[in-house]
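# Structural characterization, general
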Amino acid sequence: MIDGEQKGPFTLEELPSAGVRPSTYIWTKGMADWQRAEENADVCRLFRNHLYDVMHPGTESYSPADDNDKWKVAKDEPRQGPPPSRFDRYLEETGNDPLPTLEEIEGRRDTANPPLNMIGYAWLVTIFCCLPTGIVALVYAYKSRNAWKAGKNLESHDFCRLSKMWTGISFCLGLIGYALFMALSL
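What this report covers is the structure whose coordinates are included nearby. Please read all numbers here as calculations on a predicted model, not as lab measurements.

The next thing to look at is the packing of helix 4 (residues 119-128) against helix 5 (residues 131-149). Packing of helix 4 against helix 5 brings their axes to within 8 Å, and their N-to-C directions diverge by 170°. By the angle between their axes, helix 4 is roughly antiparallel relative to helix 5. Considering the relative orientation of helix 4 and helix 5, their crossing is left-handed. Contacts between helix 4 and helix 5 involve I119, A122, W123, V125 and T126 from the former and L131, G134, I135, A137, L138, A141, Y142 and R145 from the latter.

As structure tokens, this is what we get:
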């Protein structure tokens, strides 16, 4: 509906020149009822790309058919479509290095130094915060210490990480418990 009058049909590319704005009501086959153009994903994408083309006149125009290969251009060529995301710009600036695999990350861990001794923290959250999850934190803290003594450095760091996680869970549950107790006692 443009100026209170039904017009069309139009193709997607003809909508901006036909006077369709984000607040204009539109309808197409498959829609149950008329809806505003800004509520339709295809039309929103078209307006966003049209706005980009208007603001960046030197670049080639973008069409929805280019979605799958819009990023497959050389660095020196003008980019098609909307501007790249921060992540895409980061990958371009760092030489498009692929993200490291889990094995590479595990290989980078420094296991030469002993992990943090979590036994004291685990005892504190067991006594003051949450007994069941605190006991789990204690078990992992002792396993971490024993694995380090046995020379199993990687295993020791893994147990320490689990102890930290359960210590944090115990602390949060303790805070929630104290907050509920205070709320119910008022």
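This brings us to the side chain of T167. Within the fold, T167 resides in helix 6 (residues 153-185). According to the relative accessible area criterion, T167 is buried, its value standing at 9%. Apart from the residues within four sequence positions on either side, T167 is in contact with M118, Y121, A122, V125 and A137.

A few words on the packing of aromatic side chains. The final tally for this structure, using the stated rule, is one aromatic pair. Seen in terms of ring centroids, Y140 and F159 are 6.1 Å apart; in terms of plane orientation they differ by 25°. Their pairing is stacked. Taken together, the residues Y140 in helix 5 and F159 in helix 6 connect sequence positions 19 residues apart. For F159, a relative accessible area of 17% corresponds to the buried category.

The next subject is the environment of S156. In this fold, S156 is placed in helix 6. For the pair S156 and K143, spaced 13 residues apart in sequence, the C-alpha separation works out to 7.2 Å. The residues contacting S156, other than those within four sequence positions of it, are P115, S144, A147 and W148.

Scoring rules and cut-offs
- Residues numbered from 1 in each chain as written.
- Predicted model: local features only at pLDDT ≥ 70, side-chain atom pairs only at ≥ 80, totals over all residues.
- Heavy atoms only, no water.
- Axes fitted to C-alpha atoms, helices over the stretch in contact; angles between N-to-C directions.
- Helix = DSSP H or I, 4+ residues; strand = E, 2+ residues; numbered from the N terminus.
- Parallel < 35°, antiparallel > 145°, perpendicular 65-115°, else oblique.
- Left-handed = near helix turned anticlockwise from the far one by under 90°.
- Contact = heavy atoms within 4.5 Å.
- Buried < 20%, exposed > 50% of the residue type's maximum accessible area, 1.4 Å probe, protein only.
- Phe/Tyr/Trp six-rings, centres within 6.5 Å; stacked < 30°, edge-to-face > 60°.

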